[in-house]
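# What the coordinates show
If you want the building blocks of each chain, they are given just below.
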Amino acid sequence: NIGSIKKIEEFEKKKKEIEILCENIGYRPTKIFKYILNDNPKGVANEMRKQFDAIASNLKGKNIWKKTNSDKDYLENLIRSIEEFNVFVFEFVDRKKKKDAIINFDGFFIKPNLIAIKRQQDFLKREIFTLMHEFAHYLLGDEEIDANVGEKIIENQNKTETWCNEFSYYFLAGTFDDQLNEVSQATRNNEFHRDLIDEISEKTHLSVLALYTRFKINNKIVSNEYYRIYREILDSVTYVQATTLNST
């Protein structure tokens, strides 16, 4: 739509301005990492977590590093870490109310090194997932405009989008992925492991939906129950969004 096109054009212009500025000050932001679709996204995620941990160790003594584990601070620390890899990260706010002006994508990557993500004030876990999804596009060197990143099951998804979603999940889940793999089938009898899901969501900054999606991918929950839970979460998200719009 028009709103989306204008926002993309805005960042295309910003990219050119950055390139001119970098040239003027003699700064050449080289790409440090390069991966391909044949690389295992889980293995790449584990490698990148080590890189991020090393950056965190170097930056924790500075005032720019956020010390709490809130979603907001974690997001800011991720952005600050990604910038260490010569990547420019921007957030944009979408407060439009007219349908044609609303920006209908969550984020995108523009070669060679610009990431833009929609500010998700009420859904920071979604923004965190989107950020790492777009960082995965940077690692692959593949430009993409993502209308909706893979917190939920997306049918007929191309290989690149699948790879980026897998990378994002494994990067954020870390060792908690092993714990998810070890649990029994999620059923009504065990309340679909909701207490465990909430606990892991808090520690990993993955949304509840993203974790149930992992259950579905791992065949830990039957389809009808997964989609029921998905609809419940979607209804609650729609309610929050409507409330937010009405209050602005």
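Residues numbered from 1 in each chain as written. Predicted model: local features only at pLDDT ≥ 70, side-chain atom pairs only at ≥ 80, totals over all residues. Heavy atoms only, no water.

### A short note on the overall build of the chain
- The helix and strand inventory of the chain stands at nine helices and four strands.
- When its helices and strands are written in sequence order, the chain yields α-α-α-β-β-β-α-β-α-α-α-α-α.
- For the chain, the proportion of contacts with a sequence separation of at least 24, taken over those separated by at least 6, is 70%.
- Of the accessible surface of the chain, which amounts to about 13,500 Å², a share of 49% is contributed by carbon and sulfur atoms. (Helix = DSSP H or I, 4+ residues; strand = E, 2+ residues; numbered from the N terminus. Contact = heavy atoms within 4.5 Å. Areas by Shrake-Rupley, 256 points an atom, 1.4 Å probe, with all protein chains shown as cover.)

### So, the packing of helix α2 (residues 41-59) against helix α5 (residues 159-173)
- Running from N to C, α2 and α5 cross one another at 45°; their axes reach a closest spacing of 8 Å. Viewed along their axes, α2 and α5 adopt a mutual orientation that is oblique. As for the relative orientation of α2 and α5, their crossing is right-handed in sense. Here P41, K42, V44, A45, M48, R49 and F52 of α2 come into contact with α5, specifically with W163, E166, F167, Y170, F171 and L172.
- Considered class by class, the residues forming the contact of α2 with α5 number ten nonpolar, no polar and three charged. (Axes fitted to C-alpha atoms, helices over the stretch in contact; angles between N-to-C directions. Parallel < 35°, antiparallel > 145°, perpendicular 65-115°, else oblique. Left-handed = near helix turned anticlockwise from the far one by under 90°. Nonpolar A, V, L, I, M, F, W, Y, C, P; charged D, E, K, R; others polar.)

### Describing the nonpolar core
- Of all hydrophobic cores here, the largest spans 58 residues; its most connected members are M48, L131, M132, F135, F167 and F171.
- Sorting the residues of this core by element identifies α2, α3 (71-83), β3 (114-118), α4 (124-140), α5, α7 (194-204), α8 (208-217) and α9 (223-247) as the ones contributing at least two each.
- Here this core takes ten residues from α4, the largest share from any one element.
- Filtering out sequence-adjacent residues up to four positions away, M48 remains in contact with F33, Y35, F85, F135, L139, F167 and F171.
- One finds I8, F11, I103 and F105 within the second-largest nonpolar core, a separate group that totals eleven residues. (Core = buried A, V, L, I, M, F, W, Y, C linked by side-chain atoms within 4.5 Å. Buried < 20%, exposed > 50% of the residue type's maximum accessible area, 1.4 Å probe, protein only.)

### Comments concerning the confidence of the model for the chain
- With 88% of its residues at a pLDDT of 70 or more, the chain has an overall mean of 87.
- This model gives residues 239-248 a pLDDT under 50, and the stretch forms eight contacts once residues within four places in sequence are excluded. (pLDDT = per-residue confidence, 0-100.)

### Some points on a nonpolar patch on the surface
- A grouping of L21, I25 and Y27 is seen on the molecular surface, where their side chains present a nonpolar patch of about 300 Å² in accessible area.
- Along the polypeptide, Y27 turns up in the loop between α1 (2-25) and α2. (Patch = residues over 30% accessible without salt bridge, like charges linked within 9 Å, V, L, I, M, F, W, Y side chains within 5 Å. Salt bridge = Lys/Arg side-chain N within 4 Å of Asp/Glu carboxyl O.)

### Things to note about the packing of aromatic side chains
- Overall, the coordinates contain 16 aromatic pairs when judged by the stated rule.
- Centre to centre, the rings of F52 and F171 are 4.9 Å apart; their planes meet at 70°, and the pair counts as edge-to-face. On the criterion of sequence distance, the pair formed by F52 in helix α2 and F171 in helix α5 is long-range, its members being 119 residues apart. Here the two residues F52 and F171 agree in accessibility, since each one is buried.
- Judged by centre distance (5.9 Å) and plane angle (75°), the rings of Y212 and F215 are edge-to-face. (Phe/Tyr/Trp six-rings, centres within 6.5 Å; stacked < 30°, edge-to-face > 60°.)

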